[in-house]
Amino acid sequence: MSVFSQMAAAGHEQVCHISDAATGLRAIVAMHSSVLGPGLGGVRIRAYEDEQAALVDVLRLSEAMSYKAACAGLRCGGAKAVVLAPFPRDREAGMHALGRAIDGLAGRYVATEDMGMSESDIALLNEVTPHAVGRSLEAGGSGDPSPHTADGVIAGMRAALRAAERPIEFAGLRVAVQGCGHVGLAIVERLIAAGAQVIASDIDDQACEGAAAAGAQIVDNDRIHAESVDIFAPSGVGAILDESRIAELKCAIVAGAANNQLATPEDGMRLAERGIVYAPDYVINAGGLINVSDELDSEGYNAERVRFRVASIETTLDEIFEQAKAQRRPPESVALDMAKKRIEAGAR
């Protein structure tokens, strides 16, 4: 399938392939929608099997960013960048090369942090382009978005517990967190502080050590989805909820921070048929986007406004779950309709 065919499938506006001979940088930027504002999305540095796998990932991620921003009521569109690992050995030169490419898009794409990126990397991008957000608090930015993503996931879990007709408290709950990077570890810490029993996993030993130090029990990353728990929280890579894994789930709720958790659109119905409450990923994990997007506000970053908007993830999911129950539809189908209606309204 050609790049144009893949773009047309989900209505992408623009895809840019970036190659910098001096540093060896290889990246792809995908703009899904700019209807509600500039495309805002993280830069993901990841080892891909090949260029086609990277393209598929950036197209899926950028589409989800459009829906994430729309459901959160933000004035920005959806975009994403992926960098094919390994990143150039000279970090500064590589980030400057990426920054120049982003600057060439004239503000249609605004970069922020994702897998493999940090506040210091955003600072390097800002040395050559203003179109990157997520600077440190000391530098006048919004700081690390991870805690805000984790706060939103915890708020979303409360809504999911309500939808599953469970007590709205974490004490005594058994929760499995797959992926213990910046966001996953923050979720683990919050759950343990609230009295939950947490099991965790990651492909990275150092990440597992961090979760264990926080009080989590470490289990096999490839089998954590099959653990008997109240909540399964996928918080690493996406597309892990496929037909075979869904059949092995032993949980009442799936609510985590990972993007694109469903391997196919049909997997949402498979969860519903099993009676498992699924919190649509681009709704529950919007806290980080809410945080960095606030840097684009004409009045500047406002921490109190961010806290309010992140907390609103719970009420947004309450609405989605209520409609899903009333209409006998999977929650992600309701969420997708909500996002598309808001984007369509913005186009008028």
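On a predicted model such as this, the values are computed, not experimentally measured, just so you know. (Residues numbered from 1 in each chain as written. Predicted model: local features only at pLDDT ≥ 70, side-chain atom pairs only at ≥ 80, totals over all residues. Heavy atoms only, no water.)

**Topic: the overall build of the chain**
- Tallying secondary structure elements over the chain gives 13 helices and eleven strands in all.
- Projected onto its principal axes, the C-alpha positions of the chain cover 55 × 50 × 45 Å.
- Going through the 348 residues of the chain one by one, you find that 54% of them count as buried.
- Considering only contacts in the chain between residues 6 or more positions apart, those separated by 24 or more positions represent 64%.
- Here the chain displays about 14800 Å² of accessible surface, and carbon together with sulfur accounts for 50% of that area.
- A distance of 5 Å separates the average location of the 32 positive side-chain charges in the chain from that of its 48 negative side-chain charges. (Helix = DSSP H or I, 4+ residues; strand = E, 2+ residues; numbered from the N terminus. Buried < 20%, exposed > 50% of the residue type's maximum accessible area, 1.4 Å probe, protein only. Contact = heavy atoms within 4.5 Å. Areas by Shrake-Rupley, 256 points an atom, 1.4 Å probe, with all protein chains shown as cover. Lys, Arg positive; Asp, Glu negative; His and termini not counted. Charge placed at Lys NZ, Arg CZ, Asp CG, Glu CD.)

**So, the confidence of the model for the chain**
- Residue-level pLDDT values for the chain average 94, and 99% of them are 70 or greater.
- Within the chain, helix α1 (residues 3-10) has the poorest average pLDDT of any element, 89, and strand β10 (residues 253-254) the best, 98. (pLDDT = per-residue confidence, 0-100.)

**Thoughts on the side chain of D294**
- Among the secondary structure elements, D294 is positioned in the loop between α11 (287-293) and α12 (303-327).
- From its side chain, D294 meets the backbone nitrogen of N302 in a polar contact 2.7 Å long.
- Each residue touching D294, except ones within four places of it in the same chain, is listed here: G300, Y301, N302, R305, V306 and R309. (Polar contact = N/O pair within 3.5 Å; in protein donor to acceptor, adjacent residues only side chain to side chain.)

**Here we look at helix α9 (residues 266-273)**
- For α9, the full list of buried residues reads D267, G268 and L271. Seen end-on, α9 carries its buried residues on one side only, within an arc spanning 110°. (Arc of directions from axis to C-beta.)

**So, empty space enclosed by the protein**
- This model, assessed by the stated rule, comprises one cavity of 30 Å³ or more.
- The space that makes up the largest cavity amounts to roughly 30 Å³.
- Surrounding the largest cavity, Q14, C16, V29, M31, L105 and Y109 form its lining.
- For the lining of the largest cavity, the elements supplying multiple residues, two or more each, are β1 (14-20) and β2 (25-33).
- In terms of residue class, the lining of the largest cavity is built from five nonpolar, one polar and no charged. (1 Å grid on protein atoms, 1.4 Å probe; cavity = no way out; pocket = protein on both sides within 12 Å on 5 of 7 lines; lining within 4 Å. Points joined across faces, edges and corners; volume = space filled by probe spheres on them. Nonpolar A, V, L, I, M, F, W, Y, C, P; charged D, E, K, R; others polar.)

**Structural notes on the environment of E138**
- Assignment of secondary structure puts E138 in the loop between α4 (119-126) and α5 (146-163).
- Judged by relative accessible area, E138 falls into the exposed class, the value being 73%.
- Along the chain, E138 and A85 lie 53 residues apart, while their C-alpha atoms are 29 Å from each other.

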